Amino acid sequence: MRPGTLILISFLSIPPLTILFLSTGAVFVPPDKFLASGPYSLIVWEIRLPAAIAAALIGSILAVSGAVMQILYRNPLLDPYIAGTASGAAFGALLAYLLATAGRAYFFLYQVPLAFLFAAIASAVTLAVGRGNVYATVIAGVAVSYLFSAATTIGLSYLSSRVPQIPPLAFWLFGYIDYVSYRVDAALAAIAAALAIAAIKEARRMDLIAISDEMAKVRRIRPDGYRLAWISAISLSTALIVSQVGVIGFVGLMVPHVARLALRNGSATAVIPASAALGAPVLLASDAVARGLLGFSAPVTAITSIFSAPVIVLVLHAGKRAER
Amino acid sequence: MQVRGLSVRLGGSYVLEDVSFDIVEGLNLVLGPNGAGKTTLLRTIAGIYKPVKGRVDVRGEVGYMPAEFADAYMPVMDVLLAGGRRSPGRYLAWLKAVGLEGFENRIFSELSTGQKRLVLLAKALAEGELVLLDEPTANLDPAHKALIMGVLQRVKKLKTLVVATHDLDLVNIADNVILLKGGSAIQMRPEELNEKVLSAAYGIPILVVEADGRKLFLPRYDV
C-alpha cells in the first residue's frame, strides 16, 4: 500500500467514526437527534464532540511519538507508554493536586510543567538503563512505569480523602477521555500539528540516524542531542495529554507497526505521516468502544491493550524470523 | 589532500600522535593491528572527532561508509536519500555504478551483507569527493568480496578513497598505504609493503607470495 492510500483511508474513516462516537455513551443519541435542541444537543456538542476531537488528536500525537521513538532508538517496542513517559507524567500531574491541597493556588499553571518534569525523568531513566538494548529498555520501562504507577496509587490514596474532586485511579492508570474543553482541543491541535510537521520535515534525518549514528555525525547531526530534543518534545506532549485524560497506552506502539506492515516500509518518511493520520481513527474507534459500545464505559487503555496484544506478538514473531 | 601532525585523544589517552601523511588520488589504504586507530583516523578525517593538535586538509564533501550499520527496514531509495543531501537522480546513477541498477525499491534489510555494503558505498560515493570506507570487505564470501573490490578499483579513478581495513588483499588495488602502529603512522607505496614491514607491524611473520600477477599475504599461525 502507498502512504497516500493509508492516509486517505484514515481520513475517510474519521467522519463515520465521529458519528458513532457522538451517539455512544451513557445515553445513546441517534444521529438524527444531533441537531435537536434540548439535552441531546448539550451532550453531543458540549461533551462528546470536544471529547471526539481530543481522542483523534491524542491518537495522532501518540502515534507520531511512538513512531519517532521507535525509529530514533531502533527499538520496535518503544512508545510513551512503554518508556514510562506517561506514568511519570501521571505522577507529576497528581503531584500538582498535592501542592494544591498544601494551599498553593494556580494549580493549572504548574500541573503540566510538573507532569513534563516527571515524564522527562521517567523517559531518561528508562533509556539510560536500557542503553540502546531493545529488551533491556523495555524491561527498564516496565520497572519505571510500575514505580510511578505505584507512587501515583499511593499518592491518590492519600489525596482522594482530602480532594474529593480528584479523578479516580482508573483515570490515572488507564485513561478516560471524558470531559475535555474546546480550549484543550485547541492546545492538542497545536501540538499535533507541530509534532507531525516537525517529524515529517525531519524524517530524512531520522532515517539517517536509524541507519547509523556515525553517518549522521559525518552530516553534523549529533545523534544523542537529537534524540534528547525529541524525547523532550514527546515528554511535553505526553504531559499535556496525561494531565487532561490520564494514561493512554499502546496507541503509540501499535499504530506505527500497522503502518509499517501495511506500507512494507519502515522509513520515517513513510511511517510518520501514515502514523499521524492513522492514529486519529484508531483512538477514536478505541474510545467509542471504551465509552459505551460494549454497553458500559471502560478505561480506554483497556481497549487499546486488546487491539495491541496481537500486534506486539506479530512484531516479536517477525523479529525472530529476521534473526534466522 | 593531507594530514599533518594529527593528535587525537579519546577518553583521556592518545589514540593518534603526530600522524602525518598525504592522501593521494586513487585508493589510500589504512592498515594496522586492532586498536591502532584506523577507525579513529577515518572519523577524524570525517570531522566526527576534533584533533587536539594538527590538521586535516581535505577538499570538497566527505562521504562515509561505516563498518557497522543497522538493518533498516526501508527501500534502498530511502536509505540513499536518508539525510537528504543529494538529488534522487545522482543516487540512482551511483547505484547503477556499483552494479545495483534496479535495486532502488528492494527492502534494504532483506539484501545480502555484500549488497547492503554496496548500497552504502553508492550513497557515500554520491555524497563525497573524498570517500572514507571502514572495513568494506569484512565478513564477505569470496564472490561478494570480489564484487566490492571490483567496484573500488573502478571508482578510484573518479573519487579519492580512504579505506581502513585488515584485509591485506586490498594492497593489490591500493595506490598509497598508511601503516598505523602504536598511534603513529608510516606512509609508503604499496610495493614497499614487504614481509619485514608487515611482520613488524602485526607482530607475527607474514609471508608475501607473488602469484597470478598479484600479491598474496600469508600470516603464519603456528608461531
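Residues numbered from 1 in each chain as written. Chains lettered and ligands numbered in written order. Predicted model: local features only at pLDDT ≥ 70, side-chain atom pairs only at ≥ 80, totals over all residues.

Asker: Explain the overall build of chain A to me, please; I cannot follow it from the model alone.
Answerer: Scanning chain A from terminus to terminus reveals 13 helices and 0 strands. Listing the helices and strands of chain A from first to last along the sequence gives α-α-α-α-α-α-α-α-α-α-α-α-α. Relative to its length of 324 residues, chain A is compact, with a C-alpha radius of gyration of 19 Å against a globular reference of 20 Å. On the principal axes, the C-alpha backbone points of chain A span a range of 60 × 50 × 35 Å. Long-range contacts, defined as pairs at least 24 residues apart, comprise 77% of the intrachain contacts of chain A with a sequence gap of at least 6. (Helix = DSSP H or I, 4+ residues; strand = E, 2+ residues; numbered from the N terminus. Rg over C-alpha atoms; globule rule 2.2 N^0.38 Å. Contact = placed C-beta atoms within 7 Å.)

Asker: I'm lost on the overall build of chain B in this one. Help?
Answerer: When helices and strands are counted, chain B shows 6 helices and 11 strands. A globule of 223 residues ought to have a C-alpha radius of gyration of about 17 Å, and chain B, at 18 Å, matches this closely. Referenced to the eigenvectors of the C-alpha coordinate spread, the extents of chain B come out at roughly 50 × 45 × 30 Å. A buried classification covers 41% of the 223 residues belonging to chain B. Of the contacts made within chain B by residues no fewer than 6 positions apart, 67% connect residues no fewer than 24 positions apart. (Buried ≥ 20, exposed ≤ 12 C-beta atoms within 10 Å, placed from the backbone.)

Asker: Mind showing me how you'd approach the sheet that holds strand β1 (residues 2–10) of chain B here?
Answerer: Whenever strands of a sheet pair, they do so through backbone hydrogen bonds, lying parallel or antiparallel. Residues and elements named next belong to chain B. Here 3 strands make up an open sheet; going across it, the order is β2-β1-β4 and the pairing antiparallel. Each of the sheet's edge strands pairs with one partner strand only, and the pair in question is β2 (13–22) and β4 (53–57). Looking at each pair of strands side by side, their axes are set apart by 30° on average, direction ignored. Pairing analysis gives 4 bridges linking β1 to β4, with the strands arranged antiparallel. Each residue of the ladder has a partner; that of Gln2, found in β4, is Asp57. (Pairing = 2+ DSSP bridges. Axes fitted to C-alpha atoms, helices over the stretch in contact; angles between N-to-C directions.)

Asker: Looking at this structure, how should I read the sheet that holds strand β8 (residues 176–181) of chain B?
Answerer: Residue and element names in this part refer to chain B. Here 6 strands make up an open sheet; going across it, the order is β5-β6-β7-β3-β8-β9 and the pairing mixed. Each edge of the sheet is formed by a strand with only one pairing partner; in this case those strands are β5 (62–65) and β9 (184–188). The average angle at which neighbouring strand axes cross in this sheet is 20°, direction not considered. Relative to strand β7 (residues 160–164), strand β3 (residues 27–31) is paired through 4 bridges, and the arrangement is parallel. Its bridge partner being in β7, Leu29 is matched across the sheet by Val163. In this fold helix α4 (residues 113–127) packs onto β5 and β6 (130–134), with an angle of close to 170° to the strand it touches most, β5.

Asker: Explanation requested: the confidence of the model for chain B in the structure shown.
Answerer: Note that predicted coordinates carrying low pLDDT should not be read in detail. Averaged over every residue, the pLDDT of chain B is 93; the share at 70 or more is 100%. As a predicted assembly, this complex carries a pTM of 0.93 together with an ipTM value of 0.93. (pLDDT = per-residue confidence, 0-100.)

Asker: What should I look at first to understand the interface of chain A and chain B in this one?
Answerer: Accessible area lost on assembly of the parts is the figure often given for the size of an interface. Across the boundary between the two partners, chain A contributes 17 residues, which contact 18 residues of chain B. When residues of the side of chain A that touches chain B are traced back to their parent elements, those giving at least two are α8 (203–211) and α9 (213–218) of chain A. Class assignment of the residues belonging to the side of chain A that touches chain B gives a composition of 5 nonpolar, 5 polar and 7 charged. (Nonpolar A, V, L, I, M, F, W, Y, C, P; charged D, E, K, R; others polar.)

Asker: Where do I start with the nonpolar core in this structure?
Answerer: Side chains of a nonpolar character, in soluble globular proteins, are inclined to be buried together. Counting residues in hydrophobic clusters, the biggest one holds 176 residues, and the most contacted among them are A:Ile58 and B:Ala122. Per element, the largest residue contribution to this core is 18 residues, and it comes from helix α2 (residues 39–72) of chain A. Excluding residues that lie within four positions of it along the chain, A:Ile58 makes contacts with A:Leu188, A:Ile241, A:Val245, A:Ile248 and A:Leu283. (Core = buried A, V, L, I, M, F, W, Y, C linked by C-beta atoms within 7 Å.)

Asker: Got a minute to help me understand the packing of helix α1 (residues 3–23) of chain A against α2(A) in this structure?
Answerer: Any two packed helices are characterised by the angle at which their axes cross and by the distance between the axes. Residues and elements named next belong to chain A. It is the contact of α1 with α2, at a shortest axis distance of 10 Å, that shows an interaxial angle of 135°. If you check the angle between α1 and α2, you find them oblique. For the pair α1 and α2, the sense of crossing is right-handed. Together, Ile14, Thr18, Phe21 and Leu22 of α1 and Val44, Arg48, Leu49, Ala52 and Ala56 of α2 make up the contact between the two elements. A class-by-class count of the residues in the contact of α1 with α2 yields 7 nonpolar, 1 polar and 1 charged. (Parallel < 35°, antiparallel > 145°, perpendicular 65-115°, else oblique. Left-handed = near helix turned anticlockwise from the far one by under 90°.)

Asker: What should I look at first to understand the environment of B:Asp134 in this one?
Answerer: Residues and elements named next belong to chain B. Relative to the assigned elements, Asp134 resides in strand β6. Owing to 22 C-beta atoms within 10 Å, Asp134 belongs among the buried residues under this scheme. Residues in contact with Asp134, not counting those within four places in the same chain, are Thr39, Leu42, Met65, Pro66, Ala67 and Ala164.

Asker: How do you make sense of helix α5 (residues 134–159) of chain A when you look at a structure like this?
Answerer: Residue pairs spaced three or four apart in an α-helix point in one direction, given the helix's 3.6 residues per turn. Compared with an ideal rise of 1.5 Å per residue, which puts 26 residues at 38 Å, α5(A) spans 37 Å between its outermost C-alpha atoms and is within 8% of the ideal. Of all the positions in α5(A), only A:Thr137, A:Ala140, A:Gly141, A:Val144, A:Ser145, A:Phe148, A:Ser149, A:Thr152 and A:Leu156 are classed as buried. (Expected span 1.5 Å × (residues − 1).)

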